[in-house]
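# Observations on the three-dimensional arrangement
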Amino acid sequence: MNGIVAYGAYVPYFHLDRKAIGEALGSGGGKGTRAVASYDEDTTSMGVEAARAALRGAPRCAPAAVYFATAAPAYLDKTNATAIHAALALDESAMAFDMLGSIRSAAGALRAATDASRSTLAVLSDIRTGLPGGTDEREGGDAGAAFLLAAGDADTPLLAEPVAAASVTAEFLERWRVPGEPASRQWEERFGEHAYAPLAEAAIASALKQAGVTGPALASVLVAGSHGRANKRAAAAAGAKPAALGDDLTGSVGNTGAAHAGLLLADALDRAQADDLMMVVSLADGCDVTIWRATAALARGRQRVPVAAQVAAGGTVPYATFLTWRGFLKREPPRRPDPQPPAAPPALRAEAWKFGFTGSRCQACGTRHLPPTRVCLKCRAVDRMTPERMADVPATIATYTVDRLAYSLSPPVVVGVLDFEGGGRFTCELTDVDPAAVRIGNRVEMTFRRLMTAHEVHNYFWKARPLRGA
Amino acid sequence: MASNGIRDRVAIVGMGCTTFGERWDKSVSDLLVESSQDALNSASVPIDAVDAFWLGTLFSGQSGLTLSRPLKLDYKPVSRLENYCATGSEAFRNACYAVACGAYDIAMAIGVEKLKDSGISGLPSIGAPEDGTRAGLTAPATFSLLAPAYAKKYGVDEATFKEAMTRIAWKNHKNGALNPRAQFRKEVAKDVIACSPQVAGALGIFDCSGVSDGSAAAIIVRAEDAYKYTDKPLFVKALSFIAGPATGPIDPDYDYTTFPEVVASAADAYAQAGIKDPRAELAMAEVHDCFTPTELVLMEDLGFAQRGTAWKEVLNGTFDLEGELAVNPDGGLKSFGHPIGASGLRMLFEAWLQLRGEAGTRQIASVARGRKLALTHNLGGAPGECVSFVSVVGSERS
């Protein structure tokens, strides 16, 4: 059985102030904020960001498989995990599978990665939508989380090991969505509590028994589920000390659906001490419980930017902009040519560049090239290049402009000419940035995004954003 | 290995140029008939005397049939070509070479573009299927990168640089107000230009050239035959066309304050024409003022101003119609808009009028004082990745 050797979470830069909903619609709203995937993000791109954060922690343990779980896939029929695989520049022999459609698929991905006989990356990601003014819009949130599960060794020690895992499965109609619908439906509030409570009690009791501990031994109880009252019942069923029931992030990030259990676990790992027991309870069409024990190695293996820091940073998105991004408000397009989708053959030829942000370096003179070219821009040597991945190399803004004419779901487009540390220049869009705050000399890092969608083709590529956690 | 040029081997003996603007009532074919007829009449040449045709257009048609069909050409060679914003100039350059080498006696270079039919701002998108990794900058955004880079390098504060940009737009509109063929024939106050809605970076609407329809044409013959057609031919002194390696956007050494392609094509053209000091020898220059910072940087790249001083020269009026060297006396792209295929030939048309003393109220005084050379310049692409064309024409065969 595998344990966690690396983890990462991704909370998008933007959040919506819930009271802005009430101000716009005259009712609803409420307290706190919810995280909002930007106009250039989807569950795949957020999954990539979480996975990159995780893999930074385990440079010597390449995943042999990727399981991607989301309730809001960017594509059907076509695998989404392959874009994540490509963006991480994994070896082609590494498998990549989707587990799609339901919130519970995330619990399945994490469990399958734990049970796997090879190093496996579980990527969980979700974008939660609801009709304007509704509970799901207000209480939902967008995020990603990723866990690399492996046997652990001296180079890549376990950060947390599973000490118990229990599942209870049941078929009932509590929350559902027909493919293509912008919002899900839910049976009446009290029914969910009725259906979930016994499932949670059974799974939690089974897990505690397996672990040979009782509730008070748990350092944290992390409950994720789309039904608030059922979540509370589950937390109570654990019988833990009050201090073990921490912030479930629904006030600041919102309920992130398929990502939520992972997000809570990442947040707990950001703080846990050696030997802490963390119980993750996931309520979705049953109940899945895992108890993790933190190891002494955790203190040195935490993700670079903790969940709490990601939540604290970022910017506010106006409600009308949020509605526009999610497709609930159709806006007048500029009088500009329609954006063209990428074509499949050139995208395949450029896979390492487009998805992996892999440039090249001239072996004759050392000059870096983004994108890779065959003839060196400096010494004109031909075919003397070796690939060089640039996704994790920070850069500095050499010059920039704010393009108010270019087509974008979120104008204006900010473009930076970037000079990379150690050489190489590339010009690309900046994202998660205040146009008025951009200056020559600002430091940025690359982030994987969905630039646009045209003719039902998502165009994935990289942008630059201000250095996170700097 | 040399760029030998064809100095004084061919001459322009007739030209035509339509009114540029929103020509809703005219098709591409109409515009081609109009400019070609004007050029033929100007040279008193019947169309069946023209041996070969070069048609420049980027978006408005493909193949020689775009010209042969409306003109009902009787089985003549027609080449259609494009080279971004230098398309019209490229038609001219290739027609000149064909005559210079003796392949034909009389050639026509003609350019056309009809942009207004697309219904969008700026230029339509073109190009082969791509992988979707190129930054989707608009043209004004790519050229707006020049402003902060130039201002920083030469220690010019942003307000002063903007003032220089504004003065370029003001000057070109002032010149265009005197030109009956221009799209915009009104002077525009500096504060209107300076406060126009932002487009990209420091560029407002009035820092951008317009979108228009238009066509222009030239009749080219061997220099020794020129006086058979007109008393006042223009002799081709230099033709230089350069395509850069397009490394600016990927080379940290490129600083966005110059167009190396323009520097190279200007040096080549001056060598062909035997020009030592362009500012002192030229009567005028038509340059590619697609955006105001472009014209400012071109003043240095074309050798009209020392590095880092163009902003001062602009503000001092050096390039005004009455200045030391008139730049864009016809109003430039600012006043004409930029129908891609036509622009290069439209620039030559102004040289044609000015050097022949036929420019009316905007006639440049230095021509009467004996200046006999004019320069035209196009660039296509973006800073760091462009093509550049420079021609020099003169009213005297040396």
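Quick caveat: nothing in here was measured; it's all calculated off a predicted structure.

### With respect to the overall build of chain A
Check the secondary structure of chain A and you find 13 helices and 22 strands. A globule of 470 residues ought to have a C-alpha radius of gyration of about 23 Å, and chain A, at 22 Å, matches this closely. Across its three principal axes, chain A shows a C-alpha extent of roughly 70 × 60 × 40 Å.

### Remarks on the overall build of chain B
When its secondary structure is counted, chain B shows 14 helices and 12 strands. Computed over its C-alpha atoms, the radius of gyration of chain B comes to 20 Å, within 12% of the 21 Å expected for a compact globule of 398 residues. C-alpha extents for chain B along the principal axes are approximately 55 × 50 × 45 Å. Look at the contacts in chain B between residues 6 or more apart in sequence, and 78% of them connect residues 24 or more apart.

### Digging into the interface of chain B and chain A
Chain B puts 33 residues into the contact, and the matching count from chain A is 36 residues. When residues of the side of chain B that touches chain A are traced back to their parent elements, those giving at least two are helix H4 (139–144), helix H5 (146–153) and strand E5 (198–200) of chain B. Its residues placed into classes, the side of chain B that touches chain A shows 17 nonpolar, 12 polar and four charged.

### Concerning the packing of helix H6 (residues 158–176) of chain B against helix H10 (residues 292–301) of chain B
Residues and elements named next belong to chain B. Axis separation between H6 and H10 bottoms out at 8 Å; the angle between their running directions is 95 degrees. When the axes of H6 and H10 are compared, the pair comes out roughly perpendicular. Touching Ala164, Met165, Ile168 and Ala169 of H6 are Thr292, Pro293, Glu295 and Leu296, all from H10.

### Observations concerning the environment of A:Leu149
All names here are of chain A. Take leucine 149: it is sitting in strand E7 (residues 143–150). Distance in space between the C-alpha atoms of leucine 149 and arginine 104 is 19 Å, their sequence separation being 45 residues. Leave out the neighbours within four places in its chain, and leucine 149 touches Asn2, Gly3, Ile4, Val5, Ala113, Thr114, Ala116, Thr120 and Ala122.

### So, the packing of helix H6 (residues 189–211) of chain A against helix H7 (residues 228–238) of chain A
Pairs of packed helices are described in terms of their axes, by the angle between the two and the distance that separates them. Residues and elements named next belong to chain A. Between H6 and H7, the shortest axis-to-axis distance is 8 Å and the interhelical angle comes to 25 degrees. Classified by the angle their axes make, H6 and H7 are roughly parallel. Crossing hand, H6 versus H7: right-handed. Each of Glu189, Gly192, Glu193, Tyr196, Ala197, Ala200, Glu201 and Ile204 in H6 lies in contact with H7, whose residues at this interface are Arg229, Ala230, Arg233, Ala234, Ala237 and Ala238. The class makeup of the residues in the contact of H6 with H7 is eight nonpolar, one polar and five charged.

### Focus on the sheet that holds strand E14 (residues 315–316) of chain A
All names here are of chain A. Pairing is mixed in the open sheet, where three strands are placed in the order E3-E2-E14. The outermost strands of the open sheet, each flanked by one partner alone, are strand E3 (33–36) and E14. As paired elements, strand E2 (residues 14–17) and E3 share four bridges and run antiparallel to each other. Each residue of the ladder has a partner; that of aspartate 17, found in E3, is threonine 33.

### Looking at the nonpolar core
Grouped together as the largest cluster of nonpolar side chains are 289 residues, with contacts concentrated most on A:Ala200, A:Leu222, A:Met279, A:Val281, B:Ala107 and B:Ala109. Considering every element that reaches this core, the biggest residue donor is helix H13 (residues 340–355) of chain B, with 10 residues.

### Looking at the pairing of strand E21 (residues 443–454) of chain A
Residues and elements named next belong to chain A. Bridge count between strand E18 (residues 395–403) and E21: two bridges; the pairing is antiparallel. Following the sheet pairing, alanine 395 is matched in E21 by valine 444. With 10 bridges connecting them, E21 and strand E22 (residues 457–466) associate as antiparallel partners. Of the residues in E22, the one forming a bridge with valine 444 is proline 466. A loop of two residues connects E21 with E22, the two strands running antiparallel in sequence, and histidine 455 in this loop sits at a positive phi of about 55 degrees.

### Description of helix H2 (residues 43–55) of chain A
For H2(A), spanning 13 residues, the distance from its first C-alpha to its last is 18 Å, which sits close to the expected 18 Å at 1.5 Å a residue. Burial analysis of H2(A) places 13 of its 13 residues in the buried class, the great majority of the element.

### Observations regarding the sheet that holds strand E11 (residues 373–382) of chain B
Remark on secondary structure: sheet strands pair via backbone hydrogen bonds, oriented parallel or antiparallel. Residue and element names in this part refer to chain B. The 10 strands are arranged E3-E2-E4-E7-E1-E8-E12-E11-E9-E10 in an open sheet whose pairing can be described as mixed. The two strands at the open ends of the sheet, each matched to only one other strand, are strand E3 (78–81) and strand E10 (326–327). Sheet topology places strand E9 (residues 282–286) next to E10; two bridges connect them, and they run parallel. When the bridges of E10 are listed, methionine 284 appears paired with alanine 326. Contacts from helix H3 (residues 87–100) reach strand E1 (10–17), strand E2 (52–56), E3, strand E4 (106–114), strand E7 (213–222), strand E8 (234–243), E11 and strand E12 (385–394) within the one sheet, and its direction differs from that of E4 by about 170 degrees.

### Regarding the environment of B:Leu123
Residues and elements named next belong to chain B. Locating leucine 123 in the fold gives a position in the loop between E4 and H4. Residue class for leucine 123 comes out partly exposed when judged on the 19 C-beta atoms lying within 10 Å of it. In sequence terms leucine 123 and lysine 152 are 29 residues apart; their C-alpha atoms lie 30 Å from each other. When sequence neighbours within four positions are dropped, the list of residues in contact with leucine 123 reads Leu115 and Ala139.

### Some words on unusual backbone geometry
In this structure, the amide linkage connecting A:Leu370 to the following residue, A:Pro371, adopts the cis form with an omega of -5 degrees. Topologically, A:Pro371 is positioned in the loop between strand E16 (368–369) and strand E17 (385–389). For the bond from A:Pro411 to A:Pro412, the omega torsion is 0 degrees, close enough to zero to count as cis. As for its placement among the helices and strands, A:Pro412 is situated in the loop between E18 and strand E19 (413–420). Backbone geometry at A:Glu456 places phi at a positive 65 degrees, although glycine is not the residue there. Structurally, A:Glu456 is set in the loop between E21 and E22. Positive phi is not limited to glycine here, since B:Ala246 has a value of about 60 degrees. Inspection of the secondary structure assignment puts B:Ala246 in the loop between E8 and helix H8 (260–273).

### Thoughts on H10(B)
One full turn of an α-helix is made of 3.6 residues, so residues set three or four places apart face in the same direction. Residues and elements named next belong to chain B. Taking burial as the measure, the 10 residues of H10 include 10 buried ones, the bulk of the element. Taken residue by residue, H10 has Thr292, Pro293, Thr294, Glu295, Leu296, Val297, Leu298, Met299, Glu300 and Asp301 as its buried positions. The elements touched by buried residues of H10 are H4, H5, H6, H8, helix H11 (310–316) and E11. Once H10 finishes, glycine 303 follows within two positions and takes phi at roughly 80 degrees, a positive value.

### With respect to the confidence of the model for chain B
Averaged over every residue, the pLDDT of chain B is 96; residues scoring 70 or more account for 99%. The complex prediction reports pTM at 0.95, with the ipTM value standing at 0.91.

Parameters at a glance
- Residues numbered from 1 in each chain as written.
- Chains lettered and ligands numbered in written order.
- Predicted model: local features only at pLDDT ≥ 70, side-chain atom pairs only at ≥ 80, totals over all residues.
- Helix = DSSP H or I, 4+ residues; strand = E, 2+ residues; numbered from the N terminus.
- Rg over C-alpha atoms; globule rule 2.2 N^0.38 Å.
- Contact = placed C-beta atoms within 7 Å.
- Nonpolar A, V, L, I, M, F, W, Y, C, P; charged D, E, K, R; others polar.
- Axes fitted to C-alpha atoms, helices over the stretch in contact; angles between N-to-C directions.
- Parallel < 35°, antiparallel > 145°, perpendicular 65-115°, else oblique.
- Left-handed = near helix turned anticlockwise from the far one by under 90°.
- Pairing = 2+ DSSP bridges.
- Core = buried A, V, L, I, M, F, W, Y, C linked by C-beta atoms within 7 Å.
- Buried ≥ 20, exposed ≤ 12 C-beta atoms within 10 Å, placed from the backbone.
- Expected span 1.5 Å × (residues − 1).
- pLDDT = per-residue confidence, 0-100.

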